Amino acid sequence: MADTKREIERKYESDDAALPDLTRVPGVASVRGRGVTHLDATYHDTADQRLAASSVTLRRRTGGADAGWHLKFPVAPGVRDEIRAPLSDTLPDELAALVRSRVRVRDRELRPVVRLRSDRDVRHLLDDQDRLLAEVSVDTVHAERLTGGGGEARWTEIEVELADDGDPAFLDKVEKRLRKAGVRPSSSSSKLARALAETEPAPAAGSPAHQAAARTPPATAPEAAPRHKHRPRPDGTPVTAGDHVLAYVRAQRDALVELDPAVRQDVPDAVHRMRVATRRLRSTFRSFRAVLDRADTDPVAADLKWLAAELGKDRDQEVLAERLTQALGRLPADQVTGPVAERLAAWSEARHKGAHHELVAILDSRRHLALLDTLDALLEGPPLRKKAAARPDKVLAKAVAKDFRKLAGLVEHALELPPGTERDTALHEARKKTKRTRYAAETAVPALGGPAEEAVRDMKALQGLLGDHQDSVMARRTLRELAAVAHAAGESDFTYGVLHAGEAHRARVAEEALPEAWSSISRAFPF
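Residues numbered from 1 in each chain as written. Predicted model: local features only at pLDDT ≥ 70, side-chain atom pairs only at ≥ 80, totals over all residues. Heavy atoms only, no water.

Asks: Before we go on, may I ask you to explain the layout of surface pockets in this structure?
Replies: Over the atoms, a rolled probe matching the size of one water molecule traces out where space is still vacant. Each pocket or cavity is described by its volume, and for the largest pocket that value is around 1,100 Å³. Mapped by element, the contributors of at least two residues to the lining of the largest pocket are helix H8 (270-287), helix H9 (294-330), helix H13 (421-448) and helix H14 (450-488). For the lining of the largest pocket, the class distribution of residues is 9 nonpolar, 7 polar and 17 charged. In this structure, the second largest pocket spans a volume of roughly 760 Å³. The set of elements that each furnish at least two residues to the lining of the second largest pocket consists of strand E1 (3-13), strand E2 (30-45), strand E3 (57-62), strand E5 (79-85), strand E6 (111-126), strand E7 (132-145), strand E8 (152-162) and helix H4 (191-198). The element best represented in the lining of the second largest pocket is E2, accounting for 6 residues. Looking at the lining of the second largest pocket residue by residue, the classes come out as 10 nonpolar, 8 polar and 19 charged. (1 Å grid on protein atoms, 1.4 Å probe; cavity = no way out; pocket = protein on both sides within 12 Å on 5 of 7 lines; lining within 4 Å. Points joined across faces, edges and corners; volume = space filled by probe spheres on them. Helix = DSSP H or I, 4+ residues; strand = E, 2+ residues; numbered from the N terminus. Nonpolar A, V, L, I, M, F, W, Y, C, P; charged D, E, K, R; others polar.)

Asks: Please clarify how the confidence of the model for the protein chain should be interpreted in this entry.
Replies: Fine structural detail should not be taken from predicted coordinates in areas where pLDDT scores are low. Mean pLDDT over the protein chain works out to 89, with 91% of the residues at or above the 70 mark. Confidence, read as mean pLDDT per element, is least for helix H5 (residues 208-215) in the protein chain (49) and greatest for H13 (96). Of the regions scoring below 50 in pLDDT, residues 216-230 engages in 11 contacts with residues more than four places distant in sequence or in other chains. (pLDDT = per-residue confidence, 0-100. Contact = heavy atoms within 4.5 Å.)

Asks: What is the right way to read the nonpolar core from this model?
Replies: One broad trend across soluble globular proteins is that nonpolar side chains are buried collectively. Core analysis: the biggest nonpolar cluster contains 62 residues, and Leu256, Phe285, Leu407, Leu462 and Trp518 have the highest contact counts within it. Element by element, the count of residues in this core is highest for helix H12 (residues 392-416), at 10 residues. Excluding residues within four positions of it along the chain, Trp518 makes contact with Phe404, Leu407, Ala408, Val411, Glu412, Leu415 and Leu462. (Core = buried A, V, L, I, M, F, W, Y, C linked by side-chain atoms within 4.5 Å. Buried < 20%, exposed > 50% of the residue type's maximum accessible area, 1.4 Å probe, protein only.)

Below, the structure is given as C-alpha cells:
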C-alpha cells in the first residue's frame, strides 16, 4: 500500500564537501551524525522522457530506511510530494496508474534510464529539546546512463531536508550559514536532472544528429519571429479570442491531470474539483463554438459528459451525506428516534466505498486515457475558426451575453411554474445553464476585466441559490429511501420525516428568494 509524504528540501554544491559548523545556525543546539548509508536507485522513464519533462521522478531504490518505489511530483520550488510503495521487482500497480494518467505516459513503456549510486553521510540538526529540525546529508553520487550508450558522471552535493511539520523559514537560516561557508545552491533541480544532463551521449560521428550539429551556425541575436495570428505572444500572454479560450481549456486540462493522484487517494474535495474541470471544459466547447470547431469538440464534450457523470456518483453522495449529517446534528434530542446516525453513516460509507472503487477503475480505463490524449492533441493543433483571430472583447462578450439570454429564458420559465416536480426540474436546468454562463465569463475575465468579474460573481450567487434548492430535492429523495429501509427493519421513521420537512422548508426559502435575486442580477448584468 502506497503512502504520501511532503518533502521540503534544498540542494547545494561546493568545491569542498566538508560542512561548516551548523551549530551556529539559529535554533540548532546540536548536530548528531547518523552514519553513512549506501543508496542504489534506478530511475524509470519513457523513451521520450515524459516524466523528466514534467519534473516527475520514478525510482526503485535499495538502501536506507525508505527502500522501495518512490514517485515524486513537484508542488512548488523545493517542495515535492513523494508517494512511496514497498520494494518489489516490478512497478506496483498503484504507482503505474498514477504515472499513466498524471504524467501522461498513457500506454507508453517505462524503462530504466539512469542508475544512481550514492554514499550518503547524514547529520541531524536538533533543537535544545532534542527535536529534529532538519536532516543534512552529503551525497557522493555516481550516475550511469542505462540507455543510448550514455556515459557516467560523478559529483558531490549537499541536501537539507526539513523535518516533518517544520517551519520552512528554518531552511533560510541554514542556507545563510552554508552560503557564508562558500556553499552555493545547486544548478540542477534534482539528482536525476543532473545525471541526465551530464551523461547525455554525444552524437556519433556521421550520424544525422552529428551532421545537424555541424551545420548549426554560431548563436546570434535572435530575430523577432512573426507571431501567428492565432497564437499568444512568446511570453504566453493571450492576444486573440482564440488565445483566451485555449488558455482556459489548457488550465482545465492541466487540472484534470494534476488532480488525478488526489482523487485516487480519496483526498477531500478532489473529486469535486476534477468534476468542475470537466464541466468547465465541456461548457467552454459549447459556449465558444464560434472560436473552436464543434466538429472536433463535440466528440470530446461527449466523453467529458461521461467522465463528469462517473465523478458525480461519488461527489453527489459526498454532498448529500454531509448535508444530512449536519441537519441531523442540529435536531433536538427529542426529535431523534432510532439509530438514524448509524444508518446514515453506514449508507454513506457503503456508497462511498463502492463509488470510489469504480472511479479509480474509470481513471485507469482506456476511454479516460484516450480522452486525455485527445485533449493534448486538441491543444497542440486547435480547430480554430475564423473568429478565433478576432479581438477578444467582442467575441468573448458576445458568447457570455448569448449564454445569459438562454439562462434568462430558463429562469423566467421556471418562475412561471407552480411549485412541484416540474418546477424542480426547470430550476435544475437553470442551475446548469448558470454554471455555463459563469464559466464563459471566467474565460473572459483576462480580456474584459471588471465586467466579466461582475458576471462571475452574479452567476456564482445565483448558482448557490439554485444549488441549495437542487440539493434539497436530492436530500428529500434520499430521506424517503432511507425511511423506507428503516421502516422495513422495524425502526422508527419519525426522524426521517422531520429531516424531510426541514429540507422542504429550505427549498421554499430558496424559491421565495429567487425572484428578487434574479431581478437584481438581470438588471445589472454587464453584457
